[in-house]
Amino acid sequence: MPEDRLVIWPAYFDLERSRDQGRRVATADAVRNPKLEDIVRVSADLDLDPVVEREKCYPKSWYDQPGRVLVLKKGSKTKTLRSIARALKKRRS
């Protein structure tokens, strides 16, 4: 039986985006220009077993940086996004 995974797009953490443009975390937890590689690193640090899909593009801005990360579902998507966002922010500071 395959493991349940959540789709994580860099746009979810982008401080420059509004909620309508795809940001899914609070501005206090968002970062400027989130990189796919950073999301992969913090997801691995959080034991979420990240898998990168570089050929996929975020539907709301398919012309931007391609790529998404699939992570293990270990709770709600909101909690997972918050954990990743805070780890990204900590990594940047």
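It should be noted that the structure appears before, not after, this text.
Draft legend 1. Here's a closer look at the nonpolar core. Counting residues in hydrophobic clusters, the biggest one holds 20 residues, and the most contacted among them are Ile8, Phe13, Ile39, Ile84 and Leu88. Of all elements in the fold, only strand 1 (5-8), helix 1 (36-45), strand 3 (68-72) and helix 2 (77-92) reach the threshold of two or more residues within this core. With four residues, helix 2 is the largest single contributor of residues to this core.

Draft legend 2. Structural detail: the environment of Phe13. The residue Phe13 is located in the loop between strand 1 and helix 1 in this model. Sequence-wise, Phe13 and Lys73 are 60 residues apart; in three dimensions their C-alpha atoms are separated by 18 Å. Those residues within four positions of Phe13 in sequence are excluded, and the remaining contacts are Ile8, Val25, Ala30, Val31, Pro34, Ile39, Leu81, Ile84, Ala85 and Leu88.

Draft legend 3. Fine view of the packing of aromatic side chains. By the definition in use, this model includes two aromatic pairs. Seen from their ring centres, Trp9 and Tyr58 are 5.4 Å apart, and the 55 degrees between their planes marks the pair as tilted. With Trp9 in the loop between strand 1 and helix 1 and Tyr58 in the loop between strand 2 (51-53) and strand 3, this residue pair connects regions lying 49 residues apart in the sequence. The same class applies to Trp9 as to Tyr58, namely buried. Site record: aromatic cluster; members linked through ring pairs are Trp9, Tyr12 and Tyr58. If you follow Arg24 out to its NZ or CZ, it ends over the ring of Tyr12, 5.1 Å from the centre.

Draft legend 4. Molecular detail of the pattern of salt bridges. What the rule picks out here adds up to 10 salt bridges. For Glu3, the salt bridge identified is with Arg5, shortest N-O distance 3.8 Å. The class of Arg5 is partly exposed, set by a relative accessible area of 27%. Here Asp49 ties to Arg5 by a salt bridge, and the two come within 2.7 Å at their closest N and O atoms. Of this pair, Asp49 sits in the loop between helix 1 and strand 2 while Arg5 is found in strand 1, placing the two residues 44 residues apart along the sequence. Salt bridges linked by common partners bring Asp38, Arg41, Arg91 and Arg92 together as one network.

Draft legend 5. A look at the sheet that holds strand 2. Strand order in the open sheet formed by three strands is 1-3-2, with antiparallel pairing between adjacent strands. The open sheet terminates on both sides in strands that have one partner only, identified here as strand 1 and strand 2. For this sheet the average axis-to-axis angle between neighbouring strands, irrespective of direction, equals 25 degrees. The pairing of strand 2 with strand 3 spans three bridges and is classified as antiparallel. When the sheet's bridge partners are listed, Glu53 is paired in strand 3 with Arg68. Contacts between helix 1 and the sheet are confined to strand 1, strand 2 and strand 3, with strand 3 contributing the most and set at about 10 degrees to the helix. The strands touched by helix 2 are strand 1 and strand 3; relative to strand 1, the strand with the most contacts, the crossing angle is about 55 degrees.

Criteria and cut-off values
Residues numbered from 1 in each chain as written. Predicted model: local features only at pLDDT ≥ 70, side-chain atom pairs only at ≥ 80, totals over all residues. Heavy atoms only, no water. Core = buried A, V, L, I, M, F, W, Y, C linked by side-chain atoms within 4.5 Å. Buried < 20%, exposed > 50% of the residue type's maximum accessible area, 1.4 Å probe, protein only. Helix = DSSP H or I, 4+ residues; strand = E, 2+ residues; numbered from the N terminus. Contact = heavy atoms within 4.5 Å. Phe/Tyr/Trp six-rings, centres within 6.5 Å; stacked < 30°, edge-to-face > 60°. Lys NZ or Arg CZ within 6 Å of the ring centre and 35° of its normal. Salt bridge = Lys/Arg side-chain N within 4 Å of Asp/Glu carboxyl O. Pairing = 2+ DSSP bridges. Axes fitted to C-alpha atoms, helices over the stretch in contact; angles between N-to-C directions.

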